[in-house]
There are 2 protein chains.
Amino acid sequence: MKLKEFAREIGLSPTTVSRALSGYPEVSAATRQRVSAEAVRLGYRPNINAVRLATGRAGAIGLVMNQAGEFQLTEFLRGMTEQLVRDEMDILVTPVVEDGTEAEVNAYRRVAEAGKVDAMIILAPQPNDPRIPLLQGLGMPFLVHGRSEGSAPHAWLDIDNEGAIFRATSHLIDLGHTRIGMINGRKGMTFSLHRDIGYRRALEERGLTFDPRFVAHGNFTDEVGFTFARDMLEQGLRPTAFVAGSMMTALGIYRAARALDLVVGRDMSVIAHDDVFPYLTADNMVPSLSTTRSSMRAAGGRIATLLLQIIAGRPAEEIHELWPVELILRESTQPVPGG
Amino acid sequence: MKLKEFAREIGLSPTTVSRALSGYPEVSAATRQRVSAEAVRLGYRPNINAVRLATGRAGAIGLVMNQAGEFQLTEFLRGMTEQLVRDEMDILVTPVVEDGTEAEVNAYRRVAEAGKVDAMIILAPQPNDPRIPLLQGLGMPFLVHGRSEGSAPHAWLDIDNEGAIFRATSHLIDLGHTRIGMINGRKGMTFSLHRDIGYRRALEERGLTFDPRFVAHGNFTDEVGFTFARDMLEQGLRPTAFVAGSMMTALGIYRAARALDLVVGRDMSVIAHDDVFPYLTADNMVPSLSTTRSSMRAAGGRIATLLLQIIAGRPAEEIHELWPVELILRESTQPVPGG
DNA sequence: TTGAAAGCGCTACCAG
DNA sequence: CTGGTAGCGCTTTCAA
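Per an unreviewed UniProt entry, chain A goes by Transcriptional regulator and derives from Xaviernesmea rhizosphaerae.

Structure (structure tokens):
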């Protein structure tokens, strides 16, 4: 059913119907009520593409999925969609086809230039991230999940990675640990940098020396956690504790411990960052895993809301949200053995 | 830049430009070449919403995300987007807001009626799945990932769950196991039913009696794996082997074994279904995990391709793909202790 | 408060 | 092989 048809059916003009359905103030409440009811009864729904053409709005937010296909994405998407569904906003997922920064930038460019979206979200930013000037140049609104030092002012939402890892590391030091392994995320990413800073600051404040052999970078996979943890644990003076970048990393570290007949929570401690998943919970691990915790789903939801505000005209430069991170102590962090 | 403007700029009619860019045969090769080159040079791109309105195509495939937000979704999406990006097809993700079958059906209805998509994909079907008559009634093309017994003919792509679990179970029986725990997916889902059938058929063919205490159903989470495995292992005559519905389930089972001081690969065996993830690999588990393996990413890609064909006019009823599942034996399946 | 009609930018029919 | 032009279904002036 089309607008014209529907309008004729209920004895009104297309204009009035359109206004009633879009909630314009100049339509009388009675008319609005009646139109809404009739629309439901007769099953009338505006054609979304016609609306979009007429209004010039795309009605969607763009999300570019990188090659890695990281496991946190489902939770993030879930949070976004929950917010966006009310506003008839879609989320449009595009892949980066080849690997590398350039391919990624091109993917953003394609989406932005095709006019398929009203705003985009930049994931996993780096300092001076090239996607920021790109979208600013194209006049495409966006929000950065994370931060990008050295870039022009822009909207961002980030969690306090530095603070979280600072507290996690300090906690381990409080327990007497002095050799603390750090298995961080991909090198170059802002969140990895911030976590490294938090880690080093904790060491420095307590007079511990930084040992580069105890720091590693890589994807958030159990393999990375396993390999680096094992390598570090096989060194002469091995770490007695680990800070892990993700739940998957922690899984790998637990595995490395078992492979070397070490017991987590007795022979060594582990604390990891947890984005909160329905299918893998820190509480259930054995021993239960101490974590720095922050919900990906919540972040996705809030980002969607902010993006809607930016589209509606809120100045993007004023949007900076830094979310605190919970520190949840469980069984996996214990005093250093014999300490 | 708009079509009219661009056409004037290069001295052609909008008609010819449109045809050249869409690859219509009646345009001379020379003209086509020139138009494409000029479009790049001048940065002309058709407005996607105008194209969609004019053609009546939505240019997107709909995917409804259920409440659970299952972890396999990222891989599936990745596979889909990789295929769709070439054809300028988007994928539109919508959430189910509340829980329950009805809410889910309503989500499908909303997407289909709004005309936002050219086709939809039905995930996690059940027998007589209500989404199938719904979409058929609305004339919305779709493809089922999985199968739905009792429904009218429709397009589907499934993996051979029954065969996979039959072989997995038979393998365990070959190793001498007679008490085999089965921690399956959510009750009522077709894939769970098929796996149950494969499991029971293997037992029957080898003259083993089916014991309902050894079978459990639940979400694909480590918690479900842990809880059910522990419960079964604490029974008097406990299972000596497990068939697990997912990698997360297997994680939970491994954990349950450790909690009870049992060693997987010695005191008990485990085999799980693996959808193949970059971040958690069966090879890396300790002991390495035997699996029935089938790539979610590949399935997503193939489904996208098939959906494109259906949209292009291929009769949906003829599309039935049953994918074989690999059986990969690793260290976690061993002869029954003392067998 | 309601309505008529001119677009929104493109495609595709009908001519040439 | 190329071009003129009438829609696609809605929104939004402008007028009443």
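Continuing now.
Trainee: Looking at this structure, I do not really get the protein's contact with DNA strand D. What am I missing?
Mentor: Around DNA strand D, the structure places 26 residues, and the nearest of them are Lys2(A), Leu3(A), Ser18(A), Tyr24(A) and Thr16(B). Among the atoms of DNA strand D lying within 4 Å of the protein, the sugar-phosphate backbone contributes 60%. At 3.0 Å, a backbone N or O of Asn47(A) approaches a phosphate oxygen of DNA strand D. Per-class residue counts for the surface near DNA strand D are 11 nonpolar, 10 polar and five charged.

Trainee: Which parts of the structure should I look at to understand the pattern of salt bridges?
Mentor: Pairing of side chains with opposite charge becomes possible as their charged atoms draw close. All names here are of chain A. Applying the stated rule across the entire model yields 44 salt bridges over all chains. Here Arg109 ties to Glu113 by a salt bridge, and the two come within 3.9 Å at their closest N and O atoms. Of the two residues, Arg109 and Glu113 both sit in helix H6 (residues 101-113), four residues apart, roughly one turn of that helix. Linking Arg293 and Glu326 is a salt bridge whose minimum nitrogen-to-oxygen distance equals 3.2 Å. Separated by 33 residues along the polypeptide, Arg293 in strand S10 (residues 290-293) and Glu326 in strand S12 (residues 326-328) bring together distant segments of the chain. Judged by relative accessible area, which is 27%, Arg293 ranks as partly exposed. Using a relative accessible area of 42% as the deciding quantity, one classes Glu326 as partly exposed. Linked through salt bridges whose partners overlap, the residues forming this network are Glu75, Arg78, Glu82 and Arg297.

Trainee: What exactly am I supposed to notice about the protein's contact with DNA strand C here?
Mentor: Residues in contact with DNA strand C amount to 26 residues; listed here are only the nearest, Thr16(A), Lys2(B), Leu3(B), Ser18(B) and Tyr24(B). Expressed as a percentage, the sugar and phosphate content of the atoms of DNA strand C within 4 Å of the protein is 63%. One nitrogen or oxygen atom from the side chain of Thr16(A) is found 2.8 Å from a phosphate oxygen belonging to DNA strand C. Side-chain polar atom of Ser18(B) to a phosphate oxygen of DNA strand C: 2.5 Å apart, as the coordinates give it. Where the surface near DNA strand C is concerned, the elements lending two or more residues are helix H2 (14-21) and helix H4 (48-55) of chain A together with helix H2 (14-21) and helix H4 (48-55) of chain B. Along the lines of polarity and charge, the residues of the surface near DNA strand C split into 11 nonpolar, 10 polar and five charged.

Trainee: Help me out: how do you make sense of the interface of chain B and chain A in this one?
Mentor: How large an interface is tends to be reported as the accessible area lost when its parts come together. Between chain B and chain A, the contact holds 54 residues from the first and 54 residues from the second. Between chain B and chain A, a total of about 4,600 Å² is buried, with carbon and sulfur atoms accounting for 57% of that surface. The interface formed by chain B and chain A contains four salt bridges. If you look at where chain B meets chain A, you find 17 residue pairs in polar contact (both at pLDDT 80 or more). Of all the secondary structure elements, the ones that give two or more residues to the side of chain B that touches chain A are H4, helix H5 (73-84), strand S2 (90-95), helix H6 (101-113), helix H10 (222-233) and helix H11 (247-259) of chain B. The greatest single-element share of the side of chain B that touches chain A, amounting to seven residues, is contributed by H5(B). Its residues placed into classes, the side of chain B that touches chain A shows 26 nonpolar, 11 polar and 17 charged.

Trainee: What is the right way to look at the pairing of strand S5 (residues 156-159) of chain A in this model?
Mentor: Regular strands place side chains that alternate from one sheet face to the opposite one. All names here are of chain A. Both faces of S5 are covered, namely the face carrying Trp156 and Asp158 and the face carrying Leu157 and Ile159. Across four bridges, the pairing between S5 and strand S11 (residues 320-323) is parallel. Residue pairing across strands places Leu157 opposite Glu321, the latter belonging to S11.

Trainee: Please explain the sheet that holds strand S8 (residues 241-244) of chain A as it appears in this structure.
Mentor: Adjacent strands of a sheet form backbone hydrogen bonds with each other and so pair up, either parallel or antiparallel. All names here are of chain A. Here we have six strands laid out as an open sheet, ordered S7-S6-S8-S9-S10-S12, and mixed in their pairing. Of all strands in the sheet, those bounded by a partner on one side alone are strand S7 (215-217) and S12. Each adjacent strand pair in this sheet contributes to an overall mean axis angle of 15°, direction not counted. The strands touched by helix H10 (residues 222-233) are strand S6 (180-184), S7 and S8; relative to S6, the strand with the most contacts, the crossing angle is about 155°. Here helix H11 (residues 247-259) sits on the sheet in contact with S6, S8 and strand S9 (269-274), set at roughly 160° to S9.

Trainee: Honestly, the packing of H6(A) against helix H7 (residues 131-138) of chain A in this entry has me stumped. Any pointers?
Mentor: Helices that pack against each other are described as a pair by the angle of their axes relative to one another and the distance between those axes. Residues and elements named next belong to chain A. Where H6 meets H7, the axes come as close as 10 Å, and the angle between the chain directions of the two elements is 20°. Accordingly, the angle class assigned to the pair H6 and H7 is roughly parallel. At the point where H6 passes H7, the crossing takes the right-handed sense. Across the interface between the two elements, Glu104, Val105, Tyr108, Arg109, Ala112 and Glu113 of H6 pack against Arg131, Leu134, Leu135 and Leu138 of H7.

Trainee: Is there a simple way to think about the relation of the copies chain B and chain A in this case?
Mentor: Overlaying chain B on chain A yields an RMSD of 0.2 Å, the required transformation being a rotation through 180° with an accompanying axial translation of 0.1 Å. Such a combination of turn and shift is consistent with a two-fold rotation axis. Both copies share a contact surface, since 100% of the interface residues of chain B are interface residues in chain A too.

Trainee: Looking at this structure, I do not really get the domain arrangement of chain A. What am I missing?
Mentor: Examined at the domain level, chain A breaks down into domain 1 (3-55) and domain 2 (161-294). Its C-alpha centre places domain 1 of chain A at a distance of 57 Å from the equivalent point of domain 2 of chain A.

Trainee: Any chance you could explain the packing of aromatic side chains here in plain terms?
Mentor: Note on aromatic pairs: each is described by the distance of the centres and the angle between the planes. Counted according to the given criterion, the structure contains 12 aromatic pairs over all chains. With centroids separated by 5.8 Å and ring planes inclined at 40°, the aromatic side chains of Phe191(A) and Phe220(A) adopt a geometry described as tilted. Pair noted here: Phe191(A) is in helix H9 (residues 190-205) and Phe220(A) is in the loop between S7 and H10, with a separation of 29 residues, a long-range link. Through a chain of ring-to-ring contacts, three or more aromatic side chains come together here, namely Phe71(A), Phe277(A), Tyr279(A), Phe71(B), Phe277(B) and Tyr279(B). The lysine or arginine in question, Arg147(A), covers the ring of Trp156(A), its NZ or CZ lying 5.0 Å from the ring centre.

Trainee: I tried to follow the UniProt feature "domain: HTH lacI-type" (unreviewed entry) in chain A on my own but got confused; where do I start?
Mentor: The sites that UniProt annotates as "domain: HTH lacI-type" (unreviewed entry) are residues 1-55 of chain A. Segment residues 1-55 of chain A splits into 67% helix and 0% strand. End C-alpha atoms: 20 Å apart.

Trainee: Before we go on, may I ask you to explain the pairing of strand S5 (residues 156-159) of chain B in this structure?
Mentor: Bridging between strand S4 (residues 142-145) of chain B and S5(B) involves two bridges; their strand directions are parallel. Among the inter-strand pairings, His145(B) is bridged to a residue of S5(B), identified as Leu157(B).

Trainee: Would you mind showing me how to read the packing of H10(B) against H11(B) here?
Mentor: All names here are of chain B. It is at 6 Å that the axes of H10 and H11 come closest, and there the two elements cross at 40°. Accordingly, the angle class assigned to the pair H10 and H11 is oblique. Read as a crossing pair, H10 and H11 show a hand that is right-handed. Residue-level inspection shows Asp222, Glu223, Gly225, Phe226, Ala229, Arg230 and Leu233 of H10 in contact with H11, the latter providing Met248, Thr249, Leu251, Gly252, Ile253, Arg255, Ala256, Ala257 and Ala259. In terms of residue class, the contact of H10 with H11 is made up of nine nonpolar, three polar and four charged.

Trainee: Just to check I follow, could you spell out the environment of His273(B) for this structure?
Mentor: All names here are of chain B. Tracing the backbone through its elements, the reader meets His273 in strand S9 (residues 269-274). Under the relative-accessibility criterion, His273 is labelled buried at 2%. Separated by 26 residues in the primary sequence, His273 and Met247 place their C-alpha atoms 6.5 Å from one another. Those residues in contact with His273 that sit more than four places away from it in its chain are Ile159, Arg195, Ala244, Gly245, Ser246, Met247, Thr292, Arg293, Ser294 and Val325. Side-chain polar atoms of His273 contact the side chain of Asp275, separated by 3.4 Å.

Cut-offs applied
- Residues numbered from 1 in each chain as written.
- Chains lettered and ligands numbered in written order.
- Predicted model: local features only at pLDDT ≥ 70, side-chain atom pairs only at ≥ 80, totals over all residues.
- Heavy atoms only, no water.
- Near = heavy atom within 4 Å.
- Polar contact = N/O pair within 3.5 Å; in protein donor to acceptor, adjacent residues only side chain to side chain.
- Nonpolar A, V, L, I, M, F, W, Y, C, P; charged D, E, K, R; others polar.
- Salt bridge = Lys/Arg side-chain N within 4 Å of Asp/Glu carboxyl O.
- Helix = DSSP H or I, 4+ residues; strand = E, 2+ residues; numbered from the N terminus.
- Buried < 20%, exposed > 50% of the residue type's maximum accessible area, 1.4 Å probe, protein only.
- Contact = heavy atoms within 4.5 Å.
- Buried area = accessible area lost by both parts, 1.4 Å probe.
- Pairing = 2+ DSSP bridges.
- Axes fitted to C-alpha atoms, helices over the stretch in contact; angles between N-to-C directions.
- Parallel < 35°, antiparallel > 145°, perpendicular 65-115°, else oblique.
- Left-handed = near helix turned anticlockwise from the far one by under 90°.
- Least-squares fit on C-alpha atoms with pLDDT ≥ 70 in both.
- Domains from an automatic or database assignment.
- Phe/Tyr/Trp six-rings, centres within 6.5 Å; stacked < 30°, edge-to-face > 60°.
- Lys NZ or Arg CZ within 6 Å of the ring centre and 35° of its normal.
- UniProt positions renumbered as here; feature names shortened; annotations may be inferred.

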